[in-house]
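Residue strings, one per chain:
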Amino acid sequence: MKKYYLQVYHHSLSTGPEGEWVDISSLEIHPEIAERLAELGIVEIRENHIQTGQATRVHKLMRLRYSLGVNVQAAAIIMDLLERIEELQDKIERLNR
């Protein structure tokens, strides 16, 4: 069984050790897609930069989008559901111990 570690949405960006930022152009996605992801609340863009952890999520979302042939919104929903399943599996494992 494959495990997926995905996170789709954060209310605010971390300023701690994970607070590193990368330029959106380095994500190799169209700028309009990045803007759409920000509109949907999936990522937060500041001065054409995105947090490194969110960049990882963008890559996962885009892989889902292309491999399943779904739009951005559907890929975000799929990522959210996979995250929830993973959380439930972790809870079951903790309860079984």
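Heads up: the structure comes first, above all this text.
The structure displayed is predicted, hence computed values, not measured ones.

Asker: Please set out the overall build of the protein residue by residue, giving values where relevant.
Answerer: Within the protein, the secondary structure is distributed over three helices and three strands. Helices and strands in the protein line up, N terminus first, as β-α-β-β-α-α. Buried residues in the protein amount to 28% of all 97 residues. Of all intrachain contacts in the protein linking residues separated by at least 6 positions in sequence, the fraction that spans at least 24 positions is 65%. Only carbon and sulfur atoms are counted for the fraction: they give 53% of the accessible area of the protein, which is about 6900 Å².

Asker: Break down the packing of helix H2 (residues 52–68) against helix H3 (residues 72–96) for me, citing the residues and quoting the values.
Answerer: Here H2 crosses H3 at 115°, and the two axes come no closer than 9 Å. Taken together, H2 and H3 sit at an angle that is classed as roughly perpendicular. Regarding H2 and H3, the two cross each other, and that crossing is right-handed. Here Arg57, Lys60, Leu61, Leu64, Arg65 and Leu68 of H2 lie close against H3, whose contacting residues are Val72, Ala75, Ala76, Ile78 and Met79. Its residues assigned to classes, the contact of H2 with H3 shows eight nonpolar, no polar and three charged.

Asker: Which residues make up the sheet that holds strand E2 (residues 45–46), and what are the values?
Answerer: The strand order across the open sheet formed by three strands is E1-E3-E2, and the pairing between neighbours is antiparallel. Two strands close off the open sheet at either side, each with one partner strand: strand E1 (21–23) and E2. Summarising the sheet, E2 and strand E3 (residues 49–51) pair through two bridges and their orientation is antiparallel. The residue bridging Ile45 from the neighbouring strand is Ile50, located in E3. Strands E1 and E3 of the sheet are contacted by H2, whose axis makes an angle of about 90° with E3.

Asker: Tell me about helix H1 (residues 31–39), residues and numbers included.
Answerer: A turn of α-helix holds 3.6 residues, and therefore any two residues three or four places apart point the same way. Within H1 the residues assigned to the buried category are Ile33, Ala34 and Leu37. Viewed end-on, H1 has its buried residues packed into an arc of 100°, placing them on one side of the element. Away from its buried face by more than 90 degrees, H1 exposes Glu32 and Glu39. Directly after H1, the chain includes Gly41, whose backbone phi takes a positive value near 80°.

Asker: For H3, give the residues involved together with the corresponding values.
Answerer: For H3, spanning 25 residues, the distance from its first C-alpha to its last is 36 Å, which sits close to the expected 36 Å at 1.5 Å a residue. Turning to H3, its buried residues are Val72, Ala75, Ala76, Met79, Glu83 and Glu86. The elements touched by buried residues of H3 are H1 and H2. Regarding H3, its N-cap is Asn71, as a side-chain oxygen of that residue lies 3.3 Å from the backbone nitrogen of Gln73 further along.

Reading the values: the criteria
Residues numbered from 1 in each chain as written. Predicted model: local features only at pLDDT ≥ 70, side-chain atom pairs only at ≥ 80, totals over all residues. Heavy atoms only, no water. Helix = DSSP H or I, 4+ residues; strand = E, 2+ residues; numbered from the N terminus. Buried < 20%, exposed > 50% of the residue type's maximum accessible area, 1.4 Å probe, protein only. Contact = heavy atoms within 4.5 Å. Areas by Shrake-Rupley, 256 points an atom, 1.4 Å probe, with all protein chains shown as cover. Axes fitted to C-alpha atoms, helices over the stretch in contact; angles between N-to-C directions. Parallel < 35°, antiparallel > 145°, perpendicular 65-115°, else oblique. Left-handed = near helix turned anticlockwise from the far one by under 90°. Nonpolar A, V, L, I, M, F, W, Y, C, P; charged D, E, K, R; others polar. Pairing = 2+ DSSP bridges. Arc of directions from axis to C-beta. Expected span 1.5 Å × (residues − 1). Polar contact = N/O pair within 3.5 Å; in protein donor to acceptor, adjacent residues only side chain to side chain.

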